[in-house]
Every structure is written in structure tokens, then in C-alpha cells.
Amino acid sequence: MKILKLQTLRGPNYWSIRRHKLIVMRLDLEEVANTPSNQIPGFVDGLVRVLPSLYNHFCSLGHEGGFLTRLREGTYLGHVVEHVALELQELAGMPVGFGRTRETSTPGVYQVVYEYQVEEAGRYAGRAAVRLCQSIIDTGTYPQRELDQDLADLRELKAKASLGPSTEAIVREAEARNIPWFELSSRSIIQLGYGARSHRMQATLSDRSGILAVELAGDKEGAKRLLQDAGIPVPKGTVVRYMEDLPEAIEDIGGYPIVIKPLNGNHGRGITIDINSLEEAEEAFEIASSVSKSVIVERYHAGRDFRVLVVNGKVVAVAERVPAHVIGDGRSTIEELIEKTNQDPQRGDGHDNILTRIEVNHDTWTLLEKQGYTLNTVLQPGEICYLRATANLSTGGIAVDRTDEIHPENVWICQRAARIIGLDIAGIDVVSPDISQPLPKVGGVIVEVNAAPGFRMHTNPSQGIARNVAEPVLNMLFPPGTPCRIPIFAITGTNGKTTTTRLLAHICKQTGQTVGYTTTDGIYIGDYLVEKGDTTGPQSAQLILQDPTVEIAVLETARGGILRSGLGFDHCDVGVVLNVQADHLGLGDIDTVEQLADLKAVVVESAWPNGYAVLNADDPLVAGMARQVKAQVAYFSMNPHNPIIRQHIQQGGLAAVYENGYLSILKGDWTLRIEQAENVPITLGGRAGFMIANALAASLAAFAQGISIEHIRAALTTFRTSVEQTPGRMNLFDLGQFSVLVDYAHNPAGYEAIGEFVQKWPGQRIGVVGGPGDRRDQDLEQLGELSAKIFDWIIIKEDDDTRGRPRGDAAYWIERGVHHHSVQRQYDIIHDEVAAIQFALDRAPQGSLVVIFPAEVSRTIQLIHQHHQRLKGETSN
Ligand code: ATP
Ligand code: ATP
Ligand code: MG
Ligand code: MG
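Each value, and the rule that gives it
- Residues numbered from 1 in each chain as written.
- Chains lettered and ligands numbered in written order.
- Predicted model: local features only at pLDDT ≥ 70, side-chain atom pairs only at ≥ 80, totals over all residues.
- Heavy atoms only, no water.
- Helix = DSSP H or I, 4+ residues; strand = E, 2+ residues; numbered from the N terminus.
- Buried < 20%, exposed > 50% of the residue type's maximum accessible area, 1.4 Å probe, protein only.
- Contact = heavy atoms within 4.5 Å.
- Near = heavy atom within 4 Å.
- Polar contact = N/O pair within 3.5 Å; in protein donor to acceptor, adjacent residues only side chain to side chain.
- Areas by Shrake-Rupley, 256 points an atom, 1.4 Å probe, with all protein chains shown as cover.
- Nonpolar A, V, L, I, M, F, W, Y, C, P; charged D, E, K, R; others polar.
- Pairing = 2+ DSSP bridges.
- Axes fitted to C-alpha atoms, helices over the stretch in contact; angles between N-to-C directions.
- Core = buried A, V, L, I, M, F, W, Y, C linked by side-chain atoms within 4.5 Å.
- Parallel < 35°, antiparallel > 145°, perpendicular 65-115°, else oblique.
- Left-handed = near helix turned anticlockwise from the far one by under 90°.
- Donors = N, O, S within 2.8 Å, 3.2 Å for Na, K, Ca; no water.

Caption draft 1: Looking closely at the overall build of the chain. Secondary structure summary: the chain contains 29 helices and 38 strands in total. Taken along its principal axes, the extent of the C-alpha atoms in the chain is 110 × 75 × 60 Å. Counting over 877 residues, the chain shows a buried share of 55%. Counted over contacts in the chain with a minimum sequence separation of 6, partners at least 24 positions apart contribute 66%.

Caption draft 2: Region of the structure containing the site of ligand 1. The environment of ligand 1 is made up of 23 residues, and the closest members are Lys220, His267, Asp305, Asn392 and Glu448. Within the contact set of ligand 1, a nitrogen atom lies 2.9 Å away from a side-chain nitrogen or oxygen of Glu298. Considered on its own, ligand 1 offers 610 Å² of accessible surface; in the complex 96% of this is hidden by protein. Those elements that provide at least two residues to the shell around ligand 1 are strand S10 (258-262), strand S12 (295-299), strand S13 (304-311), strand S20 (425-432) and strand S21 (445-451). With three residues, the single largest contributor to the shell around ligand 1 is S21. Across the shell around ligand 1, the residue classes tally to six nonpolar, eight polar and nine charged.

Caption draft 3: Seen up close, the sheet that holds strand S35 (residues 765-769). Reading across from one edge, S33-S34-S38-S35-S36-S37 is the order of the six strands in this open sheet, with mixed pairing throughout. Edge positions in the sheet fall to strand S33 (731-734) and strand S37 (826-829), since each of these pairs with one other strand and no more. Averaged over all pairs of adjacent strands, the angle between their axes in this sheet comes to 15°, without regard to strand direction. Where S33 and strand S34 (residues 739-742) come together, four bridges link them in antiparallel fashion. Looking at the pairing, Leu732 lines up with Leu741 of S34. Of the strands in this sheet, S34, S35, strand S36 (793-796), S37 and strand S38 (849-852) touch helix H28 (residues 833-843), which is tilted by about 155° from S36.

Caption draft 4: Structural detail: the nonpolar core. Phe489, Leu504, Ile507, Val554 and Phe636 are the most contacted members of the largest nonpolar core, which has 72 residues in total. Ranked by size, the runner-up nonpolar core spans 48 residues in total, among them Val32, Ala33, Leu88 and Val130.

Caption draft 5: Representation of the packing of helix H26 (residues 777-790) against helix H27 (residues 809-821) in the model. Orientation of H26 relative to H27, taken along the N-to-C sense of each, is 45°, at an axis distance of 6 Å. It follows from the interaxial angle that H26 and H27 lie oblique. The handedness of the crossing between H26 and H27 comes out as right-handed. Taking contact as the criterion, the partners of Asp777, Leu780, Glu781, Gly784, Glu785, Ala788 and Lys789 in H26 are, on H27, Ala810, Trp813, Ile814, Arg816, Gly817, Val818, His820 and His821.

Caption draft 6: Just the coordination of the magnesium ion (ligand 3), in detail. The magnesium ion (ligand 3) binds to the protein through Asp429 (OD) and Glu448 (OE), with metal-donor distances spanning 1.9 to 2.0 Å. Taken together, the residues Asp429 in strand S20 and Glu448 in strand S21 connect sequence positions 19 residues apart. Judged by relative accessible area, Asp429 falls into the buried class, the value being 6%. On the basis of relative accessibility, which here comes to 15%, the residue Glu448 falls in the buried class.

Caption draft 7: Spotlight on the sheet that holds strand S19 (residues 398-401). Read across the open sheet, the five strands follow the order S19-S14-S13-S20-S21; overall the sheet is antiparallel. The open sheet has two edge strands with one neighbour each: S19 and S21. For this sheet, the mean angle separating the axes of adjacent strands, direction not counted, is 30°. Looking at chain direction, S13 and S20 are connected through eight bridges and run antiparallel. Its bridge partner lying in S20, Arg307 is registered against Asp429. Sitting on the sheet, helix H13 (residues 408-421) is in contact with S13, strand S14 (314-322), S20 and S21, with an inclination near 130° to S20.

Caption draft 8: Region of interest: the packing of helix H25 (residues 748-758) against H26. Where H25 contacts H26, the two axes come as close as 10 Å, and the packing angle between them is 5°. Classified by the interaxial angle, the pair formed by H25 and H26 is roughly parallel. Residues Pro748, Tyr751, Glu752, Gly755 and Val758 of H25 lie in contact with H26, whose contacting residues are Gln782, Leu783, Leu786, Ser787 and Ile790. Split by residue class, the contact of H25 with H26 holds six nonpolar, three polar and one charged.

Caption draft 9: Structural detail: the site of ligand 2. Within the structure, ligand 2 sits among 21 residues, and Lys497, Thr498, Thr499, Arg729 and Asp743 are positioned closest to it. A distance of 3.5 Å is found between an oxygen atom of ligand 2 and a side-chain nitrogen or oxygen belonging to Asn495. Every element with two or more residues in the shell around ligand 2 is listed here: helix H17 (497-509), helix H23 (689-704) and H25. Sorting elements by how many residues they give to the shell around ligand 2 places H25 first, with four residues. For the shell around ligand 2, the per-class residue count stands at six nonpolar, 11 polar and four charged.

None of the figures reported here should be taken as evidence of function without further support.
Laid out in C-alpha cells, this is it:
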């Protein structure tokens with residue numbers, strides 16, 4: 001077996017609309033192409049021995065053991081690889097279930113599709129699955145140590161991709177609310193929502209957290225002073241820089257016991273608490289001043305450690321933090337107990353797991369010494385031995401939920417404290433003997449207010465109820481009823497996507513909002529080009545959806561991108577399919593127009609149930625998509641008598657048609673006339689039928705989204721097929737003696753559409769034609785036939801990039817097509833596009849129309865301008 005290709009899908013796709021995270025493996029079964037599982041000696045038993053848990057796979061039989069039955073009855077190896085890839089992920093702690101396997105039109109080559117949770121792990125699992133199966137074919141087994149290594153690698157890939165516990169909680173809550181999210185490329189910033197409606201977070205800092213508040217919280221002494229001024233109980237303290245000043249400072253705050261900590265510290269670093277002598281204080285000073293120049297000397301308040309989380313002015317959770325400790329059993333030494341505690345799989349390094357492993361350090365030694373213990377001491381059963389003075393989770397502490405126990409007065413104090421510091425999300429450190437008693441009554445204090453507090457002690461407490469603290473955060477960013485998305489239009493089809501996208505964007509602009517759109521020519525926001533290039537894939541869509549200035553998105557969504565990685569959005573509001581015509585067949589295992597239709601249908605299938613699928617009623621493959629979509633359907637047609645349209649509007653549906661020279665919306669019994677085709681410049685005075693169709697589609701999509709007829713009309717009458725607005729789409733140049741039409745048509749349907757317009761030209765018709773080299777021979781031949789039908793004289797040229805064909809080969813097939821239609825048709829072959837265009841322009845007779853189908857539009861337009869200048873020069877001489 002050999003993997004030919006591995007693709008990672010990330011959005012709605014050909015295989016599934018709902019399951020976005022899929023790996024598509026193109027697998028050549030090679031030597032086992034014709035051997036099902038039951039005919040490979042020892043394969044089934046070997047596989048079951050290596051992966052007994054495959055028993056849990058239902059497969060198509062729908063019950064436990066279903067897949068094993070299929071194995072024994074005989075199934076192809078592609079299907080086996082699919083199940084193994086799923087099972088390996090499952091065993092590594094990433095449960096996944098969806099899979100499909102299909103043979104391609106190349107015998108022995110399969111598409112194996114399976115779900116993943118983590119991209120890298122998904123790809124790894126596919127390769128490992130092939131390795132595992134191959135090994136069982138060759139040797140009857142797969143060594144246990146190899147399997148263990150695979151699973152260890154998969155777990156590591158999972159850990160590497162994890163977001164951190166606080167961010168994880170936030171994105172899970174976002175997903176539960178259907179809020180889309182992305183990870184931006186720097187500083188672990190998460191964007192929630194689309195475009196102008198989006199918000200950002202970085203761990204638990206929000207885009208609402210003010211810089212003043214965050215800085216103030218970081219300045220422990222300054223923050224404490226403000227709280228003290230407001231009458232909030234805080235430990236009495238002062239700041240010192242030199243050790244000589246210690247005795248005076250200690251006296252100032254009222255004597256021992258005291259705490260010494262760095263002025264700018266966090267995670268409990270450099271803190272010594274419960275100091276009772278100058279000697280200890282001097283040692284603590286050394287430790288603290290190694291973290292920050294100035295140190296805080298303050299009163300020690302005996303008590304337990306609480307963290308109060310305040311979000312948007314409300315206390316939402318309270319946790320008690322218990323310092324790292326072990327509990328004796330009468331047999332084990334402290335060292336053994338620590339080791340045992342650290343074996344808990346919930347304990348990891350730093351902040352990346354629910355709990356953190358306990359490390360023995362200076363702090364531990366000091367504490368043990370104070371109690372007269374060493375690491376070899378055996379503790380009494382039930383005896384608690386603290387290994388850290390402070391309760392930070394990051395030094396091995398645990399958390400106990402106390403949300404239901406906090407006294408209302410303490411709630412009030414903490415909420416006030418958060419407001420005084422000015423933080424939208426604040427973690428307040430309270431030391432008090434009892435959180436259920438008012439702080440002033442029991443001598444409790446607020447020792448610190450933290451910006452960006454960690455959530456894991458609340459979402460994953462070791463004891464007590466887990467609190468979904470991400471919920472209030474998202475309620476703050478997106479109060480109920482506030483949209484988190486912008487309207488998305490997605491346009492697909494074989495021909496006319498770019499034109500329709502540009503026209504629809506132009507309609508949307510009439511509303512005064514900022515429109516972001518993607519096309520084959522580039523990405524645009526408002527009136528400006530962001531990036532040039534063929535930008536019709538998911539990454540371009542995401543650029544628009546991430547942009548905080550964009551209020552409406554109009555996305556040309558081409559076949560290639562859907563196939564490569566799925567849609568760049570989970571749902572659109574209005575999906576448009578213009579047509580499905582033969583083009584690109586044979587690429588990416590899409591061999592028939594029906595498969596092509598299924599691929600393009602992904603766009604309308606992704607439309608929200610209360611959104612719209614705008615479909616071409618004149619194209620049976622497109623009209624048929626109505627059966628697959630969840631959204632409401634709206635049809636457009638060049639023929640007001642089209643039976644699908646008639647039936648649809650009888651049922652009160654929405655449609656757009658070309659009737660009596662007008663582009664009109666039909667809404668149930670009502671006809672709303674938008675404009676006469678004659679006044680819509682892109683239709684070239686109503687002569688370009690396919691442009692009328694594109695305009696109907698754009699108008700209908702806009703109307704379905706609630707844009708007014710007035711705005712649509714204003715857009716239709718001001719949108720031109722000029723080089724500026726639609727380069728390469730029906731750009732007509734009048735050079736005085738003759739005219740030139742530049743158009744991107746590159747497939748039979750495109751040629752036919754242009755042909756319909758060209759037929760109406762009164763003078764001689766000259767075609768400069770070619771076709772992309774990556775199309776099939778028969779497609780190029782058909783372009784030749786159509787050219788012979790449309791033009792009186794043909795100049796066959798090739799693209800600069802032959803896309804894998806030898807120079808002259810594409811021209812050869814086109815020439816064959818020309819011959820096929822008519823042996824008398826006049827034609828020339830000039831491979832070089834520039835030379836071919838020059839040749840035609842130099843020889844075009846008076847009153848003729850030269851139609852150029854270029855690969856390079858801007859270069860072509862330049863050639864035409866140059867020629868025009870020359871002609872003008874000649875006539876004026
Ligand atoms: P973190 O980053 O975890 O919040 P930090 O380095 O910012 O820690 P503080 O929050 O000031 O430091 O102190 C850490 C812990 O030390 C407190 O949670 C508390 O347990 C203890 N502590 C600090 N100051 C006092 C005090 N005045 N009295 C009693 N305990 C204190
Ligand atoms: P691409 O696949 O290159 O991105 P596209 O779908 O974006 O193409 P446009 O660039 O809008 O299509 O148009 C390309 C050419 O297709 C046009 O210049 C015209 O020749 C032809 N065309 C446009 N609209 C239609 C249509 N509705 N039906 C058939 N042909 C069309
Ligand atoms: Mg703290
Ligand atoms: Mg395009």
C-alpha cells in the first residue's frame with residue numbers, strides 16, 4: 001500500500017456538511033488491490049490481536065462487532081485503514097467516529113476519509129494505520145512497542161495542540177453557543193465571532209480589559225493603596241529597597257508576623273509568609289529581591305486562601321486553594337508520598353494540565369525543617385504535611401470549590417474591589433479564616449487583585465462543583481441578542497462566479513456598509529484591493545471573516561478550495577449556485593458533472609435553515625440541489641414560464657426572472673420589477689444573456705437577505721463590465737475601425753455564452769482562442785469545435801503556462817476540434833499569446849469583432865491600448 005496524498009479538511013466539505021475535521025487519504029492498495037481482508041492469510045486474526053478494541057466499531061452493520069463481521073466476510077484494505085486510523089486516535093484519547101471509504105476511477109486507488117480532533121494527530125494516525133496494516137499483511141502482526149510508540153506520539157501531538165485550560169473553557173463555551181472562533185497567528189489571541197461583530201481574548205484577558213486596570217493590578221502596592229483608601233480590608237504594608245530599612249518597616253506595620261514578597265511578582269515566586277524574626281526576614285528579603293528590586297513588607301494574616309472570580313461586575317466563582325501537600329498513611333515516606341501524588345494523570349507541568357506536579361524546592365526544605373522533618377520522614381496516617389507555603393496551583397496546590405459558601409458581604413467587597421481596579425475579569429486573592437464570615441469580622445483581607453486570572457481552579461476543581469466561568473465571560477462579550485456574525489454570501493458555479501460576486505458586493509455597498517469580498521482576481525475590502533491573486537479558497541474567506549472592519553462578506557467559493565480543505569466558514573446566510581457545467585473534470589477524483597454538482601452543492605448545503613439557497617432553475621443539476629438543502633430556496637431563471645419557477649411561486653416562494661425585458665423579483669403572486677435589462681450595462685444592452693442570468697442571481701441573493709429593490713436597482717445601473725470593475729469579463733473596446741472583446745471564457749459553457757452574444761455581431765468575427773492545459777483532451781477539442789461554430793476566422797494560441805503539456809499539444813487538440821466542425825474554417829496557429837493577439841489586431845478588417853480569450857488579462861488589455869494609440873496616430877497623420 002502507498003499513500004498518494006493526505007489532505008486536511010477544516011470546514012463543510014464534499015464528504016460531510018456537519019463534520020468539518022476530516023482527513024482525506026488517497027491510498028493506492030498496490031499488491032492488495034484485489035485481495036479483501038478475509039483472503040489475506042492471518043490478517044483478520046492478526047489485526048484483532050493487535051487492536052482488540054476494534055470490536056467497538058459498529059460500522060455499517062450498526063451494532064458492536066459490526067466492523068469485525070465485515071472484516072471476516074471480507075472488506076477492502078482501504079476500509080480497514082479507515083477504521084484503524086479512527087481507533088488509533090481513540091486509543092490516544094481523541095475519540096472520533098466518522099469515516100467513509102470509496103474507490104476512485106483509478107482501479108486499486110481509494111479515498112479513505114476519517115475524522116480527526118487534532119490535525120497533526122489525524123495525519124499521523126493515517127500514516128500509522130497504513131504502517132500497521134502493512135505490517136500485519138507482511139508478518140501477521142505489529143510489534144507492541146511500535147504501537148505504544150504510535151500512541152505516545154499521538155498523545156504528544158494532542159498535548160502540543162491544546163490551547164491551555166482557560167482558553168479551552170472559553171472556546172468550548174463559544175462552540176456551545178455557535179459562536180465561530182479562530183486562533184490568530186500571534187500571541188495566542190483567540191477571535192470569537194466574525195468581522196465587525198467579533199471580539200478577542202488572550203487567555204482570560206478580553207478586548208474589554210483596560211490597559212490602566214491591567215497595569216494597576218500588576219502594581220501590587222499601588223492597587224493595595226487604592227483599595228485601602230476605599231475602605232477595603234487589605235494587609236498593612238510598606239515597600240523597602242534596602243535590607244537596612246527592614247527593622248523600621250516591620251515596626252511601622254505593627255510588628256510580626258509578617259510576609260515579604262517581591263513588588264512585581266506572580267505565581268507565588270519569591271514569597272515568604274509567617275515570618276517571626278529579623279533573621280528570617282533578612283533571608284526572605286534576599287529571596288524576594290532576587291525577583292524584583294523593591295519588596296513588599298506586610299502584615300501576615302493567618303487564614304485560608306481563596307480566589308474569588310469577578311466577571312463583568314459579578315462574583316461568579318469562589319475556590320479555596322490548598323497548598324501542595326501530602327497525607328500520611330503510616331508506612332510511606334514523604335518522598336514516596338510525593339511520588340505517588342505526582343503519578344495522578346491529572347498532574348502535568350506548569351499550567352498545561354488540570355493540576356501541576358509537586359516539585360521539591362527550597363520552600364519545601366524550609367517548611368520541612370520548621371517541622372523537624374526530612375523527605376525520609378514517615379507521616380502518621382491522616383497527617384497533613386504542607387510542601388509549599390503558598391497555594392498556587394502552579395506549584396502543586398489543589399482547588400476546592402466554595403462558590404456557594406461566600407458571605408454576601410464578601411461578595412459585595414470583592415465586586416467593589418474589581419470595579420475600583422477597573423477590571424472586567426478579575427481574580428481576587430483573599431486570605432481569611434472563613435469565607436462564609438464577613439472579612440472585617442474575622443480579620444480577612446484581600447492580598448491581591450489579578451488580571452488574567454486562570455480559570456482551571458473553577459472549571460476543574462479537585463473537589464466540589466465545577467463552574468462554567470466561561471459562560472459569564474461570553475455573556476459579557478455577546479449579551480443575549482447581540483449578533484456574533486456578519487451576513488455571509490457564498491457564490492459558486494462553473495461560470496460567472498467572479499462577475500456575480502463583484503456585482504453582489506456592489507449591491508451590498510449601496511447599503512453604506514463595509515463589504516469584504518473574495519474573487520479569482522483578489523481580496524477586496526470596501527473599494528480597495530487587499531491582496532492580488534486567485535483568492536477563492538478558505539484562507540481568503542477567513543481573511544475577510546477575521547477582519548474587524550468588515551460588515552458584510554461576499555465570497556466567491558471555487559471548486560478547488562472546497563475540495564482541498566472545505567469551506568472557510570461553517571454556515572452562510574445565502575448560498576448561490578449559478579450553474580454546473582463540464583469543467584475541471586478528472587481533477588481531484590471528480591470525474592462526472594454529477595460529482596461536480598455534489599461538490600458545488602456544499603455551498604448551499606451550508607446555508608442556515610433560515611437563510612437562502614439561490615438556485616438556477618434553468619440548470620437541472622442546480623435546481624435539483626433544492627432536495628439537499630436545509631435553507632429556504634429561491635430560484636432564478638431566464639424564462640418566466642419555467643415550470644419550476646411557476647410551481648415555486650404558486651407555493652408562495654421567492655424567485656427572480658427575466659420577463660418582458662425586465663429583471664424582476666417574483667414573490668408569491670407579486671412581481672417586483674427591478675430594472676429593464678437595457679439599462680443594466682453589464683448585459684451590453686440586454687444582448688449578453690448570461691450576464692442577465694448573473695444579475696438575476698445577484699439581485700435575488702441580495703433581496704433574500706433583505707436588501708431593498710432601490711439599492712439593487714442603483715447597483716445594477718451603475719455596475720459596468722469595464723476593465724476596472726470586471727477585468728476580463730466581457731470587456732468591450734471600440735477601437736474605431738473595429739471592436740475587441742476580452743473575456744476569460746475557458747470552458748465550453750463559457751464559449752457558448754460568449755458565442756450567443758458574438759452571433760449577433762453584424763461584421764466579421766475573429767476569435768483568439770485557447771484552453772488551460774490541465775483540462776482533458778476532449779475538453780480542448782470541444783473548445784475547438786465551438787470556436788469553429790462561433791467565429792469566421794480563428795487564431796489558436798496557448799497559455800504561457802502549459803500546465804504539464806508539451807508546447808503545442810493543447811493547440812493540436814483545439815485544431816482537431818476546429819477540423820471536426822468544419823474543414824473549411826480559416827485558422828492560424830500561433831503558440832505565443834502576445835504574438836497571436838498582435839497578429840489578430842494587425843489584420844482585423846473594418847467593422848469586425850476580435851474576441852480574445854486570454855490567460856493574461858492585464859497584459860492583453862495593455863496590448864489593446866497600445867494598438868489603439870497606434871491606430872489613432874495613423875488616422876491623425
Ligand atoms: P499569584 O500570582 O498566584 O496570585 P503572587 O506571586 O501574585 O501569587 P500574592 O498573591 O501576593 O503573590 O501572594 C501569594 C499567596 O501568598 C497568597 O495567595 C497568600 O496565600 C499568601 N499571602 C500573600 N500575602 C499574604 C498576607 N499578607 N497574609 C497572609 N498570606 C499572604
Ligand atoms: P473562474 O472559474 O475562472 O473563477 P468564474 O466562475 O469566476 O470563473 P467569471 O470570471 O465571472 O467566472 O466569468 C468568466 C467567464 O465565464 C466570463 O467571462 C464568461 O465568458 C463566462 N460566463 C460568465 N457568466 C456565465 C454564465 N452565467 N454562464 C455561462 N458562462 C458565463
Ligand atoms: Mg496572588
Ligand atoms: Mg472567478
